[in-house]
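# Coordinate inspection notes
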2 protein chains.
Amino acid sequence: MARYCSLMLKSKDSYHHGDLRAALIKAGEAVLSETGVAGFSLRSVAKNVGVSHSAPAHHFGDAKGLLDALATEGFRRFLAAMQARQSAETSKDARQQLLASSHGYLDFAISSPALFRLMFATDMSNVKSEELAAAAQASFMHLADGVARLRGVSPFEEPTAMTDVMAIWSMVHGFSELYISDRLGFPDCKAPEDRDAVLNDIIKRAMA
Amino acid sequence: MARYCSLMLKSKDSYHHGDLRAALIKAGEAVLSETGVAGFSLRSVAKNVGVSHSAPAHHFGDAKGLLDALATEGFRRFLAAMQARQSAETSKDARQQLLASSHGYLDFAISSPALFRLMFATDMSNVKSEELAAAAQASFMHLADGVARLRGVSPFEEPTAMTDVMAIWSMVHGFSELYISDRLGFPDCKAPEDRDAVLNDIIKRAMA
DNA sequence: GGCTTTATCTTGTCATTGTCAAGATGAAAT
DNA sequence: ATTTCATCTTGACAATGACAAGATAAAGCC
C-alpha cells in the first residue's frame, strides 16, 4: 500500500519505523491522558502506533521503562513551562519572576494532569533512571535559583533560604495537586481569574 | 481440622469467612503498602486472606471498588490522625491547634504513604462512592473548622477565610507529598526535629 | 423440625496484559 | 557482496480482571 503522508512517523509498508521511540512516547502520553495510569498498557500504546505488542521492549525494556521516559519528558516540559512564564514576565523583580514561575508550575499541572501525577508518584530515592533524576533535579534547581535571586543567597549555603524553597515549592505543588483533583471547590466556569489570584496570594505568603 | 484461634478472622475449615470484607481491607492495605498501587491485585489480596480469587467481587464489585474502600478507610484514619494531634495539643490557641492538626496530616502521610497517595490520586468529581466522598469531605471540614476558629468566621461565608483554608491545605499537602517522595532533601537520619520545625515555619506563613 | 430463601464463597472460563525467547527484516559497516 | 547489528515481529506462558454457574451454609418461614 502507498505511504499516507510524509508527516506520519510510521509508513505502513515499512518494517522499520523510523523513530519509534519518539512515536511511542507521544502515543504513551495520549493514552496516559485519556485513561490515566490505571488504563495504561504497553500493548495499547503499541497498537496506537501501529507496531507489534513487544516493539516497545527494545526501546524501553519494560513498562516502567516507558513510564520513566514519559516522566522524564514531562519534567522537561514542566521546566519549560515555568521558564516560559518567567520569561513572559516583564518585571525583572525576583519576586515577580518567582510568582510567574509558580503560575507556569500550575499551568503544566492543569494541561497534563495525568503526566503531572506520574512525575510525582514515586520516591526519588527509588528512581533508577539517571535521565529522570536529572530532569527532576533540573526542575527543582529552577525554583532554587528563583529563591537565590530573591534572597541574594544560595539555598545550599543558607538554611533559611532552603526553607524558603521548601515553603514555596510545597505551596505551589500542594495547590496544583489539589486543584487538578477538584478538591479546592473552584467552580468550573469563571475560575481562571480567581484561581490565579488565589495562587498569587498564597505564594506570597510562602515567600514571607 | 481444628480452628486456630478465635481471633483469626478466617477459620480454615469453614466455607464462609465471617468477616471477609474487613479482612480484605486489612490485607489490601498491607499489599498496597508493600507493593504500591502498581503491584496491587485483587487476586494477591484474596490469596493473602486465604480465599478464592473472586471472593472479593461480592463485597467490592471490581478492583476499583476495593481501592475505593481502602481510600475511604484511609480518610477516616487520616481525620483521626489530625484529631489525635489536635487533642494532644495542650494549648487551646486556635493557631496552635491548627499547627497540631497539620502535624497529624504529615504523620499520616509518613505512616501510610501508599494509602495517602491513593487517597489523593483521583479527581473528586469522578468519585462514585458516596462513602469515599463523605470521608474525604469530613477531612476537609476538619481543616475548615480549624480556620474558622482561627479567624472567627466561617470560610463558607467569608472568601478571605476560604483563601486561608486553601493556603494552609496546599502548604501541608504539598509538603507531605514532597516529603514522602524524598524530594525535599531531608537526610534520612536526624530529620524528625528539622522536619517538624520546617513544617511549623511554613504553616505559619500560610496562616499569615 | 423441615423447607425455602438468600448471602456468601468457589470453580471454571475468557480476554487482556507483561515478559521472555526465537526469528525475520533491513540498514550500516566492512 | 558479505557480515554485523539494531530494529521489529511472532509465538508462547503466567498473572490478572471480569464474568457465569454452581456449591455451601446461614437465616427466615411454615
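Read on for a plain summary of the structure. (Residues numbered from 1 in each chain as written. Chains lettered and ligands numbered in written order. Predicted model: local features only at pLDDT ≥ 70, side-chain atom pairs only at ≥ 80, totals over all residues. Heavy atoms only, no water.)

### So, helix α9 (residues 192–207) of chain B
- Taking 1.5 Å as the rise per residue, α9 of chain B with 16 residues should run 22 Å; its terminal C-alpha atoms sit 22 Å apart, in good agreement.
- Turning to α9 of chain B, its buried residues are R195, V198, L199, I202, I203, R205, A206 and M207 of chain B.
- Those residues of α9 of chain B that are buried lie in contact with α8 (159–180) and α9 (192–207) of chain A together with α5 (94–111), α7 (130–151) and α8 (159–180) of chain B. (Helix = DSSP H or I, 4+ residues; strand = E, 2+ residues; numbered from the N terminus. Expected span 1.5 Å × (residues − 1). Buried < 20%, exposed > 50% of the residue type's maximum accessible area, 1.4 Å probe, protein only. Contact = heavy atoms within 4.5 Å.)

### Quick notes on the relation of the copies chain A and chain B
- Screw-axis analysis of chain A against chain B gives a translation of 0.0 Å along the axis, an RMSD of 0.0 Å, and a rotation angle of 180 degrees. The operation mapping one copy onto its partner corresponds to a two-fold rotation axis. Considering only C-alpha atoms, the part of chain A nearest the rotation axis is G174 of chain A, at 1.8 Å. (Least-squares fit on C-alpha atoms with pLDDT ≥ 70 in both.)

### Considering the protein's contact with DNA strand C
- Close to DNA strand C lie 20 residues; R43 of chain A together with S52, S54, H58 and H59 of chain B are nearest.
- A distance of 2.4 Å separates a base nitrogen of DNA strand C from a polar atom in the side chain of R43 of chain A.
- Between H53 of chain B and DNA strand C, the recorded distance is 2.8 Å, taken from a side-chain N or O atom to a base oxygen.
- At the level of secondary structure, the elements contributing two or more residues to the surface near DNA strand C comprise α2 (42–49) of chain A together with α3 (55–60) of chain B. (Near = heavy atom within 4 Å. Polar contact = N/O pair within 3.5 Å; in protein donor to acceptor, adjacent residues only side chain to side chain.)

### What about unusual backbone geometry?
- Of note, D182 of chain A is a non-glycine position whose phi angle comes to about 55 degrees, a positive value.
- Tracing the chain through its elements places D182 of chain A in the loop between α8 and α9.

### Some words on the interface of chain A and chain B
- If you look at the interface, chain A gives 34 residues, while chain B gives 34 residues.
- Per-residue buried area on chain A facing chain B is highest for M166, R183 and R205 of chain A; these three make up 25% of the total on that side.
- Our count for the chain A to chain B interface comes out at four salt bridges.
- Note that R205 of chain A and D164 of chain B form a salt bridge whose closest N and O atoms lie 2.8 Å from each other.
- The interface formed by chain A and chain B contains 18 residue pairs in polar contact (both at pLDDT 80 or more).
- A per-element tally of the side of chain A that touches chain B places α8 of chain A first, with 13 residues.
- Tallied by class, the residues present in the side of chain A that touches chain B amount to 19 nonpolar, seven polar and eight charged. (Buried area = accessible area lost by both parts, 1.4 Å probe. Salt bridge = Lys/Arg side-chain N within 4 Å of Asp/Glu carboxyl O. Nonpolar A, V, L, I, M, F, W, Y, C, P; charged D, E, K, R; others polar.)

### A word on the protein's contact with DNA strand D
- The local shell around DNA strand D holds 21 residues, among which S52, S54, H58 and H59 of chain A together with R43 of chain B are the closest.
- Counting only the atoms of DNA strand D within 4 Å of the protein, the fraction contributed by sugar and phosphate is 56%.
- One of the side-chain N or O atoms of H53 of chain A is found 2.8 Å from a base oxygen in DNA strand D.
- A63 of chain B places a main-chain nitrogen or oxygen 3.0 Å from a phosphate oxygen of DNA strand D.
- Taken together, the elements giving at least two residues each to the surface near DNA strand D come down to α3 (55–60) of chain A together with α2 (42–49) of chain B.
- With three residues, the top contributor of residues to the surface near DNA strand D is α3 of chain A.
- Split into classes, the residues belonging to the surface near DNA strand D amount to seven nonpolar, 11 polar and three charged.

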